[in-house]
Amino acid sequence: MTCKNKTIDSNVAGLYIANEDCLKILPDNPVWHGIEVNSYSDLGGSTTLLQRETINPSRQNQKGKIVDLDANAGFSLDFTKNILTWLMQGFMFADAREKFTTKPLDGIQNKIMSIDSDGYNLETPCVNPPIKGMLISASGFDKHKNNGIKVIKSATASKIIVNGGLAENTLVNDNAKLTAVGFKFQAGECSIVANGGGFPSLVTTKTKVTSLNLTLGEWIFLGGDTSNSSFKKNKGWARITAISDYSLTFDDTDFTPIDENNNNLELELYFGTVIKNESRQDLIKKRSYCIERTLGDDGNGLQAQYVTGAVANEIKFNLSTAQYITCDLSYVACGSLTKKGGERLDGVRLVADKSEAYNTTSNIYRQKLSVIDKTSSIPQTLFAYVTDSNLSISNGVTGIKALGILGSFDVSVGNFNVTGSLTAFFSSVAAIEAIKNNADVGFSTILASNNAGAIFDIPLLALSGGMPNVEKDQKITIPLEKTGAENKHGYTMMYQSFEYLPDIAMPVAND
């Protein structure tokens, strides 16, 4: 017997998001990505009722009609390692710049068909197979020996041969994947040229660094965990400002560069996936999504509500002391609909991302705000400690209405805006002077945890605010507002995610 007065708890609600082929149109077999949500601000369609108000002796209004619908989706989630990178493509209006991988964020998986003792056999031949020396992360394999960081010895279109013995396997599960995470240079070929009075460079003698598919403005980590994989002095994070065949030049480093070479050094370099707002029109991509929220079982199956033609509008990253980093996401959609139990839209539904969330206590490697120095990769920071910080992206998305249409038939998009604020402990008047002088300032946040990481980088911004807060029995603090601008490489913000980082790239606990 079914209870007619059944109620449904909010905890049974689930969220799934799928890419649309074009606005409001799903592919034949959509892939729905499960999302673990902390809370909802809104999701669905809000209708507008237009009521007739006539002058009549009865003093009563006439029943109105629904004449408009505004569809939106808004929710909050924890910043985890995996799902955010896929979502960020929508907010950045750009495709991710991925290195070699058998399982791209979007697109067709290149399944690993079998494993020999020396390598992995691919289902589909690679157009651009990875090069010798590439470090790949192998994950999701049933046999432990086949997982971990491997060095590529050679690669053909259909087979990747690696160092170390593998466990042979003729049946590989669909979750297994290979992803390029770095490069191991040959012994003695790398050196650092500090270039006093200018920016430092990593110089190679054999490997063309142009073959690593790196991007101007991209951050890399120099050094590995073994004794001969790092420079003694020049190890850590570095941002690329110039690339030539045999050198990388850095305009921001977290180490003080000095001239260094070592004949026994087999330097390891680690990189990640890059997403930046693109300046070229052909690289700017407006994605649209269908967003599903399940609302429990009505006796016939899971019922659900949907917003369609949803375009990423705003995302805000929140960093407060002793908390997880959270993200508030909002989408502007064209329409909405509901489905009863047993009538949900078809497709493949992936389980929600279960990776660990980043926290603000032990997972922040560095957060830096500094006046740009055109002659040094180590500009002086404007603060030492921060009490809270946030960063927002806004795309100015609005629905477009037309006669005969309930809801929106399309959306318009404004400029890509990056803003933020932070409250820092006051230590000098340098920040106040930077505001008054309208100085060129850069801001970056580096996160790392469990051999993975992420970076938010705004290379050029202007500061405002800066009125010190002075209260009895308290440390002096200074609130600052940040507004990003297009930098010398043609973007405002870059986001990077790192599938793997060595132990030395993890934050060191401060007592």
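From a predicted model like this one, the values you see are computed outputs, not experimental measurements.

Visitor: Help me out: how do you make sense of the overall build of the chain in this one?
Guide: A count of helices and strands for the chain gives two helices and 32 strands. Relative to the 2.2 N^0.38 estimate, which gives 24 Å for 511 residues, the radius of gyration of the chain is 26 Å and therefore close to what a compact globule would have. Dimensions of the chain along its principal axes, counting C-alpha atoms only, are 100 × 70 × 45 Å. Classification of the 511 residues of the chain by burial places 49% in the buried group.

Visitor: Before we go on, may I ask you to explain the packing of aromatic side chains in this structure?
Guide: Geometry of an aromatic ring pair is reported as the spacing of the ring centres plus the angle between the planes. The tally for this structure, following the rule as stated, stands at 16 aromatic pairs. Both rings, one in Phe221 and one in Trp237, keep their centres 5.2 Å apart while their planes meet at 75°; by these two values the pair is edge-to-face. Residue Phe221 is located in strand 13 (residues 219–222), and its partner Trp237 is located in strand 14 (residues 236–244); the two are separated by 16 residues in the primary sequence. Members of the aromatic cluster, each reached through a chain of ring pairs, are Phe75, Trp86, Phe91, Tyr289 and Tyr331. The ring of Tyr40 has Arg293 sitting right over it, with the charged end atom 4.5 Å from the ring centre.

Visitor: How should I be thinking about unusual backbone geometry in this particular structure?
Guide: Glycine aside, residues mostly have negative phi, and peptide bonds are mostly found in the trans state. One non-glycine residue with positive phi stands out, namely Lys24, at about 75°. On the secondary structure map, Lys24 appears in the loop between strand 1 (14–19) and strand 2 (31–35). Overall, the relative accessible area of 37% leaves Lys24 in the partly exposed class. The residue Asn213 is not glycine, and still its phi comes out positive at about 60°. Assignment of secondary structure puts Asn213 in the loop between strand 12 (201–204) and strand 13. You can call Asn213 partly exposed: its relative accessible area is 48%.

Visitor: What am I meant to see in the pairing of strand 21 (residues 326–333) here?
Guide: Two faces make up the sheet, and in a regular strand the side chains alternate between them. Note: strand 4 (residues 62–78) against strand 21, eight bridges, orientation antiparallel. Bridge pairing in strand 21 links Asn72 to Val332. Two strands pair when backbone bridges link them, and strand 20 (residues 302–320) and strand 21 are joined in this way by seven bridges, in the antiparallel orientation. Directly across from Ile315, in strand 21, lies its bridge partner Leu329. Here strand 20 folds back onto strand 21 in antiparallel fashion, the turn holding five residues, of which Ala322 has a positive phi close to 55°.

Visitor: Looking at this structure, how should I read the side chain of Gln89?
Guide: Relative to the helices and strands, Gln89 resides in helix 1 (residues 83–92). With a relative accessible area of 3%, Gln89 lands in the buried category. A polar side-chain atom of Gln89 sits 3.0 Å from the main-chain amide nitrogen of Ala96. If we skip the residues at most four places from it in the chain, Gln89 touches Ala94, Asp95, Ala96, Leu105, Asp106, Ile275, Arg287 and Tyr289.

Visitor: What is the right way to look at the pattern of salt bridges in this model?
Guide: Pairing between side chains becomes possible if they bear opposite charge and their charged atoms approach one another. Considering all chains together, one arrives at 24 salt bridges under this definition. Lys354 is the partner of Glu36 in a salt bridge, and the nearest nitrogen-oxygen pair spans 2.5 Å. You can see Glu36 sitting in the loop between strand 2 and strand 3 (39–52) and its partner Lys354 sitting in the loop between strand 23 (348–350) and strand 24 (364–371), a full 318 residues away along the chain. Relative accessible area serves as the criterion here: at 42%, Glu36 is assigned to the partly exposed category. Classification of Lys354 by relative accessible area gives exposed; the value is 65%. Put simply, Asp252 and Lys368 hold a salt bridge, and the shortest N to O gap is 3.7 Å. Note that Asp252 is positioned in strand 15 (residues 247–253) and Lys368 in strand 24, a separation of 116 residues in sequence.

Visitor: Sorry, what's going on with the side chain of Glu292 here?
Guide: Following the sequence through the fold, Glu292 ends up in strand 19 (residues 289–297). Of the residues examined, Glu292 reaches a relative accessible area of 0% and is grouped as buried. Engagement of the side chain of Glu292 in a polar contact is seen with the side chain of Tyr306, the distance being 2.6 Å. In this view, Glu292 contacts Gly14, Leu15, Tyr16, Trp32, Ala304, Gln305, Tyr306, Arg344 and Arg349; residues no more than four positions away in its chain are not counted.

Visitor: Whenever I open this one, the environment of Ser408 confuses me. Can you help?
Guide: Relative to the helices and strands, Ser408 resides in the loop between strand 26 (398–400) and strand 27 (410–412). Given a relative accessible area of 5%, Ser408 falls into the buried group. Taking the C-alpha atoms as reference points, Ser408 and Ala333, separated by 75 residues in sequence, lie 7.6 Å from one another. For Ser408, the contacting residues outside a window of four places in its chain are Lys24, Ala333, Cys334, Gly399, Ile400 and Lys401.

Visitor: Mind showing me how you'd approach the nonpolar core here?
Guide: Most often, soluble globular proteins have nonpolar side chains that are buried together. Counting 59 residues, the largest nonpolar core has Phe79, Met88, Ile291, Tyr331, Leu369 and Met493 as its most contacted members. Counting residues per element, this core draws most heavily on helix 1, which supplies seven residues. For Met88, the residues in contact, after removing those within four places along its chain, are Ile275, Ile315, Phe317, Ile393, Met493 and Tyr495. Ranked by size, the runner-up nonpolar core spans 38 residues in total, among them Cys126, Met134, Leu202 and Phe250.

Visitor: How should I be thinking about the state of the cysteines in this particular structure?
Guide: One covalent bond between the sulfur atoms of two cysteine residues makes up a disulfide. Under the criterion given, the structure shown has zero disulfides. No disulfide involves Cys334; its sulfur sits 11 Å from the nearest other cysteine sulfur, which is in Cys22.

Visitor: Just checking my understanding: could you explain the environment of Asn56 for this structure?
Guide: Among the secondary structure elements, Asn56 is positioned in the loop between strand 3 and strand 4. In this structure the C-alpha to C-alpha distance between Asn56 and Asn451, which are 395 residues apart in sequence, comes to 74 Å. At a separation of 2.5 Å, a polar atom in the side chain of Asn56 contacts the side chain of Ser58.

Visitor: Help me understand the environment of Gln303 in this model?
Guide: Here Gln303 is to be found in strand 20. By relative accessible area, Gln303 is classed as partly exposed at 21%. Remark: the alpha-carbon pair of Gln303 and Asn61, spanning 242 residues in sequence, is separated by 36 Å. With residues up to four places along the chain from it excluded, the contact list for Gln303 reads Ile8, Arg293, Thr294, Leu295, Gly296, Asp297, Asp298, Lys339, Lys340 and Gly341.

What counts, and where the lines are drawn
Per-chain numbering applies: the sequence of each chain, read as written, is numbered from 1 onward. Only residues with pLDDT of at least 70 are given local features in this predicted model, and only at 80 or more are side-chain atom pairs given and counted; all residues enter the totals for whole chains, interfaces and linings. To get the side-chain values, take all heavy atoms of the structure and skip hydrogens and water. A run of H or I in DSSP becomes a helix once it reaches four residues, and a run of E becomes a strand once it reaches two; helices and strands are each numbered from the N terminus. All radius of gyration figures rest on C-alpha atoms, and the globule criterion is 2.2 Å times the number of residues raised to 0.38. Any residue under 20% of the maximum accessible area for its type is buried, any over 50% is exposed, and the rest in between are partly exposed; the area is computed with a 1.4 Å probe on protein chains only. Two rings from Phe, Tyr or Trp (for Trp, the six-membered ring) form a pair when their centres are within 6.5 Å of each other. A pair whose planes differ by under 30 degrees is stacked, one over 60 is edge-to-face, and the rest are tilted. A positively charged side chain is recorded as over a ring if its NZ (Lys) or CZ (Arg) lies within 6 Å of the ring centre. The angle to the ring normal must also be within 35 degrees. Two strands qualify as a pair provided that DSSP identifies no fewer than 2 bridges between them. Any pair of N or O atoms that falls within 3.5 Å is considered a polar contact. Within protein, one atom must be able to donate a hydrogen and the other to accept it, and sequence-neighbouring residues count only if both atoms are side-chain atoms. Throughout, a contact is declared for two residues whenever any of their heavy atoms are within 4.5 Å. Any carboxyl oxygen of Asp or Glu that lies within 4 Å of a side-chain nitrogen of Lys or Arg is treated as forming a salt bridge with it. Nonpolar core, defined: a set of buried Ala, Val, Leu, Ile, Met, Phe, Trp, Tyr and Cys residues in which side-chain atoms within 4.5 Å join the residues together. Disulfides are defined as cysteine sulfur pairs within 2.5 Å.

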